[in-house]
Every structure is written in structure tokens, then in C-alpha cells.
Amino acid sequence: FLISVPQLAPERWKRFVPFWKACPRHRVPIWNPQTGKLESSGNYTLLNAYLYLFGPCTEAQLCRGLLGFQVLCCALGFGVRYY
């Protein structure tokens, strides 16, 4: 939780910690208002890598796809652990 606090209120933290820099938003996917879909911004976070592989999609589709990926990885981990 402490790591995410500067993202919640970056400008307020500058008063208390003068050397603090605001969290950049360049790593998140780009929203295209014409299509209403998210597109990869080129930085390979998990979100952007998914969008790069499967193409632009809505936020709901991205969420479902990443949840499915997480379930698959957990099942694989349990399979390796208990097999």
C-alpha cells in the first residue's frame, strides 16, 4: 500500500517530500476515443504485452483475458507443485 500512495495524490506529496517526483502514466495502455478500445503503448507491462499479442480491446475484455491468464498460471503452478 505504501508504494501506491504517491500515485493516489502525487501533488500533495511534493509539499512533504521535495525530491519526490510524480508517478508517470506513460506505462499504461492508450485509450483510443474513436474506437473506445485500449491500445498498447509499447512498454511491455503485462497489460501492454496482452494488448500487443491480442490487439486492441475494451477494458472489460482486457480484464477477462488477464483474469483467465491468472487462473491458468495458478492452475499450472498448483499442477507443478502437487504432481
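The model shown is predicted, which means the values in this text are computed figures rather than measured ones.

J.: How do you make sense of helix H4 (residues 59-82) when you look at a structure like this?
T.: Think of an α-helix as turning once every 3.6 residues; residues three or four places apart then point the same way. An ideal rise of 1.5 Å per residue puts 34 Å on 24 residues; H4 measures up with 34 Å between its terminal C-alpha atoms. Those residues of H4 not exposed but buried are Leu62, Gly65 and Leu66. Contact partners of the buried residues in H4: strand E2 (37-39) and helix H3 (46-54).

J.: Could you clarify how one ought to interpret the side chain of Asn32 in this entry?
T.: Position of Asn32 relative to the elements: it lies in strand E1 (residues 30-32). Not counting the four nearest positions on each side in its chain, Asn32 is found in contact with Lys37 and Glu39.

J.: Would you mind showing me how to read the state of the cysteines here?
T.: Defined simply, a disulfide is a covalent bond joining two cysteines at their sulfur atoms. Taken as a whole and assessed by the stated rule, the structure comprises zero disulfides. With no disulfide partner, Cys73 has as its closest neighbouring cysteine sulfur the one in Cys74, 7.1 Å distant. Cys73 gets classed as partly exposed once you look at its relative accessible area, which sits at 37%. When its relative accessible area of 41% is taken as the criterion, Cys74 is described as partly exposed.

J.: Looking at this model, I keep getting lost on the packing of H3 against H4. Mind explaining?
T.: For any two helices packed against each other, the geometry is given by the interaxial angle and the distance between the axes. Closest axis-to-axis distance for the H3/H4 pair is 11 Å, and the angle between their directions is 105 degrees. Considering their axes alone, H3 and H4 lie roughly perpendicular with respect to each other. From H3, Leu46, Leu47, Tyr50 and Leu51 reach across to H4, where they touch Gln61, Leu62, Gly65, Leu66 and Phe69. Its residues assigned to classes, the contact of H3 with H4 comprises seven nonpolar, two polar and no charged.

J.: Honestly, the confidence of the model for the protein in this entry has me stumped. Any pointers?
T.: When pLDDT is low, close inspection of the predicted coordinates is not appropriate. For the protein, mean pLDDT is 83; residues scoring 70 or higher make up 69% of the total. Ranking the elements of the protein by mean pLDDT puts helix H1 (residues 5-8) last with 60 and H4 first with 96.

J.: Explanation requested: the side chain of Asn48 in the structure shown.
T.: Counting through the fold element by element, Asn48 comes out in helix H3. In this structure the side chain of Asn48 is engaged in a polar contact, spanning 3.2 Å, whose partner is the side chain of Thr45. Every residue in contact with Asn48, bar those within four places of it in the chain, is listed here: Arg27, Val28, Pro29, Glu39, Ser40, Ser41 and Asn43.

J.: Would you mind going over the nonpolar core with me for this structure?
T.: Inside soluble globular proteins, nonpolar side chains tend to come together where they are buried. Listed in full, the six residues of the largest apolar core are Leu38, Tyr50, Leu51, Cys57, Leu62 and Leu66. Looking at this core, the elements with two or more residues in it are H3 and H4. Setting aside residues no more than four positions away along its own chain, Tyr50 makes contact with Gly55, Cys57, Gln61, Leu62, Gly65 and Leu66.

J.: Which parts of the structure should I look at to understand a nonpolar patch on the surface?
T.: There is a patch of nonpolar side chains on the surface, built from Tyr44, Tyr52, Leu53 and Phe54 and spanning about 560 Å² of accessible area. One can find Tyr44 in the loop between E2 and H3. Accessibility expressed as a relative area gives 54% for Tyr44, which makes it exposed.

Definitions and cut-offs
- Residues numbered from 1 in each chain as written.
- Predicted model: local features only at pLDDT ≥ 70, side-chain atom pairs only at ≥ 80, totals over all residues.
- Heavy atoms only, no water.
- Helix = DSSP H or I, 4+ residues; strand = E, 2+ residues; numbered from the N terminus.
- Expected span 1.5 Å × (residues − 1).
- Buried < 20%, exposed > 50% of the residue type's maximum accessible area, 1.4 Å probe, protein only.
- Contact = heavy atoms within 4.5 Å.
- Disulfide = S-S within 2.5 Å.
- Axes fitted to C-alpha atoms, helices over the stretch in contact; angles between N-to-C directions.
- Parallel < 35°, antiparallel > 145°, perpendicular 65-115°, else oblique.
- Nonpolar A, V, L, I, M, F, W, Y, C, P; charged D, E, K, R; others polar.
- pLDDT = per-residue confidence, 0-100.
- Polar contact = N/O pair within 3.5 Å; in protein donor to acceptor, adjacent residues only side chain to side chain.
- Core = buried A, V, L, I, M, F, W, Y, C linked by side-chain atoms within 4.5 Å.
- Patch = residues over 30% accessible without salt bridge, like charges linked within 9 Å, V, L, I, M, F, W, Y side chains within 5 Å.
- Areas by Shrake-Rupley, 256 points an atom, 1.4 Å probe, with all protein chains shown as cover.
- Salt bridge = Lys/Arg side-chain N within 4 Å of Asp/Glu carboxyl O.

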